[in-house]
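Spelled out, the chains give:
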Amino acid sequence: MEQFVQQVINGVSLGAIYALIALGYTMVYGILRLINFAHGDVYMVGAFAGYYCFHWFYGGANYGLAGLLAALAFAMAVCGLLGYVIERFAYSRLRKAARLNALITAIGISLLLENLGQLIFGADPKDFPAFVERTTITVGIVTISNIQLIVLITTVVLTLGLQYIVHRTKMGTAMRAVSFSHDAAGLMGINIGRVISFTFVLGSMLAAAAGILVGLYNPKIEPLMGIMPGLKAFVAAVLGGIGNIPGAILGGLIMGVAETFTVGYLSSTYRDAITFVILVAVLLFRPTGLLGTPQRTKF
Amino acid sequence: MNQKAVPVLDIDNVCLSFGGLRAIKNVTLRVGDRELVGLIGPNGAGKTTVFNLTTGVYAPDEGRIALKGETISGLRPHIINRRGIARTFQNIRLWGELTVIDNVRAALARTTTLPLWQAVMRTRRNTQFEKDLTERARALLANFDLVRFEDERARNLPYGEQRRLEIARALATDPALLLLDEPAAGMNTGEKTHLMDLIQRLQQDRHISVLLIEHDMKVVMGICERVAVLDYGEKIAEGRPEEIQKDPRVIEAYLGAPTH
Amino acid sequence: MWLGVYLVILLGIGQFLIPQMNPYHVQILIFIGINITLAVSLNLVLGMAGQFSIGHAGFMALGAYTSAALSHYVFEPAISSWMGSSVAYGIAQNAAFAASLLSGGLMAALAGLAVGIPTLRLRGDYLAIATLGMGEIIRVIILNTEFVGAARGFTDIPRWTSFTWVFFVTGVCVLLVRNLIGSASGRALVAVREDEDAAAAMGIDTTYFKVLAFVIGAFFAGMAGGLQAHYIQYLHTNSFTFLRSIEIVVFVVLGGSGSITGSIVAATVLTILPEFLRVAQSWRMVIYSALLVVMMLTRPQGLMGGNEFKWRWFLRRKTA
C-alpha cells in the first residue's frame, strides 16, 4: 500500500511538470489550431537558461531558494522572448496557410532548436545545478522530497496565476474570444496579433518553469531532452481535450501517474510506449479528449 | 399534389439536435415522383440541415427518411448517393484542382470503377472504359454548355459556370432525386432565367424529382409546384406558391410579427 | 512492355556500368533509389489522397525487419547449404530476395490496413498525430522483439541489394503510382483530397480510397525498408524514428506534394546534399532545418507546385 501511495505522489509530481508543458500546447492550439512541435524544445531552452544563469550570474554559488526563484524568472523571461520571436517570424506568416505547411514549419523549428542547441550547448549532458539541497520529508507512510514539494507548489502557483489571467483579465477574455473565432474577435476590435503573441509568451514561460523544475528533479540536461517530454505533454493535452486548459492539467497528471505506474509495476522499457498507447486510444475512442465536448461538427 | 403509390422522398417526423440546440423539430416533408418542390425560410431555419439529413451527413435523432419507400436515414452518404440522391452545395464545393471534365468523370465512375489492377496495367478494357467515361462526361457537359471549359481546372471557372458544373456533376450520379441548395445565389437575372429553364428541362427529360432551397422568390414562384416553409427548424407552412406568399405565418417569419 | 525494356536497361547498367564506378557513388545511387521509392509512395498518401500520414518510417521498419528476418533465418541458410554452382546460387539468391522483399512489403501493407482503417476516420492534425503515434508504436514493438535483435540491433543480413534491384522497385513504384493517378481511381483519390464530403455526396466510398492509398504507400515503404536492410546489412530501430518519417515528408513537400517528378527530384537532391555538406558536419542539421523553415515560409507549394514535368515545356520555347 505504501508503495502505491508513493507511486501516486511520484506520478503527480511528474504529472505536474507535464501539465505545465501541456498548458502551452493547449493554449496555442486553442488559439491557432496549430500543434507547436517546437514547444518541447522551448522547455529545453528553459532548463539550459537556468543552467547558464547559475554559472554566469551566480558564478557557481548556491543562493538557495531565492537563487532558484531568480533563475526561474530569468528562464521564463528568456523563453518568453524565444516564444515571441518564433511566433513573430515564423508562425504569424502561416496563419492562412495550409495546415500541413504549418505543421512542417513547426517541426522544422523544433529540429532547428534541437540542432542549434547541440551546436551551442554541446551535445553531451550537463549537470543541472542543485539550487537547493535535497532532503526528504516523511509523513506517515510516504516520503516526499523537497524537490517534489517545490514542483507541486510552483505548478499550483503558476496554474492559479494562469487561471486568474484567463478568467479575470481583459487579455484573458480576449484570448478566449480569439480561440473561439478569429474573425469575430477581430470585428470586436481585438488585436489578434497581440493576443496570439501573448499566448505564445505565456505558454513558453510555463514551459521554461517546467524546464527548471525538471532540472531540479533529473539533474542531467541535454539539448534533445525536450523531445520525449514534449511529446508526452502533447499527448496529455490531447487526452484532456486540446484547447482546454483544465484538460491540459488533468491530462498531464494522468500521464505522469500512468508513466510512473507503468515503470513501477510493469517494466521501464515500456515507459515511453504507454504514451503512444494512450495517444492512439484517445484518438480512436474519444478524439476530443476527456474534458472536450464531443462535437457534432456543423457543416 | 400528385402522389403515385410511394413518394420519392419521405421525411417523416424528423428531429435533430446539435448539443443542446434543437435544430430540426418534427419536420415532415414529401416529394413525389417528378415533382419540383421548393424549401424556403429565413436564414438559419434549418434548410441545409434538412439536406444534410437527407444525404446522410447527419442521422436523425428521431423520425425516419425514406427514398422510394426504403429507409435511408442512418446510411452513409455515399451509399445514399448510390441509392439515388444527389445534391449541390450552398457554398460551391467542386474539386478545384480537378479539371471540369474530371469533376464529372469522377462522379460518373463511382459505381463503375474497374478493378484496380486493370487501371494500373493500362489494359485494353481500361482504355475502353476511359473512352466511354469521357464520352458520357462530354455529353453531360454539352447539356450545360461547359464543353469548352473541359480541360480547365474547376477552380478557374467563372462563378455561374461553377454552379452549372456542380449541377452537372450531381446529375452524373444518375439520381432519382436532386437536391439543389441555393443554385441561383449570386446570379444575375439572365442567368437565373436560364437556370430556371434548365431545372425544369432536367426534371422532365430525366424523370427526376427536385427539392430546391432558394431565397430568390421569383425563382421559387416561377418553377416550384409546391413550397414548404421552414422557420427555427419547424415546418410552418406548405402549399402552392401563391398560397404561401399570402400566408401570414410565412410573412411573419420573414418580416417579424406585425406591430399593431 | 515498357517495364521489360526498363528492366533490361537496368540489368545492363547493373552488369557493366556499376562495377566500373566508385563504390561511394554507387552507394549514393542506391540511397537515391530507396528515397525516391519512399517519397513517391508517401506522395500517394500525402499529396494525392491528401491524408496527413507522418508515420511512414514505421512501415519502412516493418518491411525492413520482416524481410531481414526471413532472409537471415530462412533463406540464406537454405540456399547456402544446398546450392552448388554459382549460377544456381545466383538465381536462388535473387528469388529468395524477391520473396523476402515482397514479404516485407506485404507485412507493411497489412499494417497499413490495420492502422489505416481506424485512423483514417480522423482528419487533419488528428490524423497526423495518430499516424505519428502508430509509427512509434510499431518501432517500440520491434524494439522489444528479441529475435530481431531488440535494442542491440539486427546484424548479419545478407547483402542482396544491388543497383538493379533498387531501381527496379523504384521503377515499379513510380509506374504504378503514375498509372493509378491517371485512372478513375486516381481521380477519386484527388476528389477525396479536394473535398471529402462532396466526394461522399457523389457516391465515392471515401474510406475505401483513403485506405487503398495508405496500403499501397505502406507496401512500397516496406519494400524500400527491405532494400535498405539488405544493403546496410544492419538494422536498428533508431533508423526508423519519427525523424525519418519527417525526412520523407520533407521530400514530398519540398518537391511539391502531388507531383511525382517533384518527389523524384527532391529525394535525389536531398540525398546528395548532405554529402556535400559533410564538410560542415556539425552545421548540417542546422542548415537542413533552417532550409526547411525558410522553404515553408517562402514557397510552400514546393518545387513543382503540384505539377508534373512535361516535355511540352521545352517544345514551347522552340516554336516561339
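Residues numbered from 1 in each chain as written. Chains lettered and ligands numbered in written order. Predicted model: local features only at pLDDT ≥ 70, side-chain atom pairs only at ≥ 80, totals over all residues.

1. A look at the overall build of chain A
For clarity, the threshold we go by: Segments assigned H or I by DSSP are reported as helices when at least four residues long, segments assigned E as strands when at least two residues long, and all are numbered from the N terminus. What the globule rule says is 2.2 Å times the number of residues to the power 0.38, and the radius of gyration is computed from C-alpha atoms. Every C-beta atom is placed from the backbone, and the number of other C-beta atoms within 10 Å of a residue's own sets its class: buried at 20 or more, exposed at 12 or fewer, partly exposed in between. By definition, residues are in contact whenever their C-beta atoms, placed on the basis of the backbone, come within 7 Å of each other.
A tally of helices and strands in chain A yields eleven helices and four strands. Its C-alpha atoms give chain A a radius of gyration of 19 Å, within 12% of the compact-globule value 19 Å for 299 residues. The C-alpha extent of chain A, read off along each of the three principal axes, is 55 × 45 × 35 Å. Within the span of chain A, comprising 299 residues, buried residues form 52% of the whole. Of the contacts formed within chain A by residues at least 6 apart in sequence, a portion of 79% connects residues at least 24 apart.

2. Here's the deal with the interface of chain A and chain C
Basically, it comes down to this: Each residue gets one label: Ala, Val, Leu, Ile, Met, Phe, Trp, Tyr, Cys and Pro are nonpolar, Asp, Glu, Lys and Arg are charged, and the others, such as Gly, are polar.
The interface is formed by 29 residues belonging to chain A together with 28 residues belonging to chain C. Elements supplying a minimum of two residues to the side of chain A that touches chain C: α4 (99-121) and α11 (273-285) of chain A. The element that contributes the greatest number of residues to the side of chain A that touches chain C is α4(A), accounting for 14 residues. Each residue belonging to the side of chain A that touches chain C can be placed in one class, and the counts come to 21 nonpolar, five polar and three charged.

3. Digging into the packing of helix α4 (residues 86-119) of chain C against helix α5 (residues 124-143) of chain C
Residues and elements named next belong to chain C. Defined as follows: Lines fitted to the C-alpha atoms define the axes, with helices restricted to the stretch that makes contact. Angles between their N-to-C directions range from 0 to 180 degrees. Handedness of each helix crossing follows the sense of rotation of the near helix against the far helix: counterclockwise by less than a right angle gives left-handed, clockwise gives right-handed.
Interaxial distance between α4 and α5 falls to 11 Å at its minimum, and their mutual angle equals 145°. Crossing of α4 over α5 shows right-handed handedness. Between α4, through Ala-111, Val-115 and Thr-119, and α5, the contact on the second element is made entirely by Leu-127, Ala-130, Thr-131, Met-134 and Ile-138. Residue classes in the contact of α4 with α5 are distributed as six nonpolar, two polar and no charged.

4. What about the pairing of strand β4 (residues 62-67) of chain B?
Residues and elements named next belong to chain B. The condition is simple: Think of it this way: DSSP has to see at least two bridges between two strands before they count as a pair.
Pairing analysis gives five bridges linking strand β1 (residues 9-18) to β4, with the strands arranged antiparallel. Within β4, the position partnered with Ile-11 by the bridge is Ile-65. Bridge analysis of β4 against strand β5 (residues 70-71) gives two bridges, and the strand direction is antiparallel. The residue bridging Leu-67 from the neighbouring strand is Glu-70, located in β5. Where β4 folds back onto β5 in an antiparallel hairpin, the turn is made up of two residues, including Lys-68, whose phi is positive at roughly 50°.

5. Thoughts on helix α1 (residues 2-17) of chain C
Using the following cut-off: To estimate how far a helix should extend, the number of its residues minus one is multiplied by 1.5 Å.
Taking 1.5 Å of rise per residue, 16 residues should cover 22 Å, and α1(C) covers 21 Å from first to last C-alpha, within 8% of that figure. Here α1(C) lies mainly on the outside; one of its 16 residues are buried.

6. A look at the sheet that holds strand β2 (residues 21-31) of chain B
In spatial order, the strands read β2-β1-β4-β5 (chain B); together these four strands make up an open sheet with antiparallel pairing. Whereas interior strands pair on both sides, the edge strands pair on one side only; in this sheet they are β2 and β5 of chain B.

7. A closer look at unusual backbone geometry
Residue and element names in this part refer to chain B. A positive phi angle is found at Arg-34, which is not glycine, with a value near 55°. By the element assignment, Arg-34 lies in the loop between β2 and β3 (36-40). Taking the number of C-beta atoms within 10 Å as the measure of exposure, Arg-34 has 17 and is therefore partly exposed.

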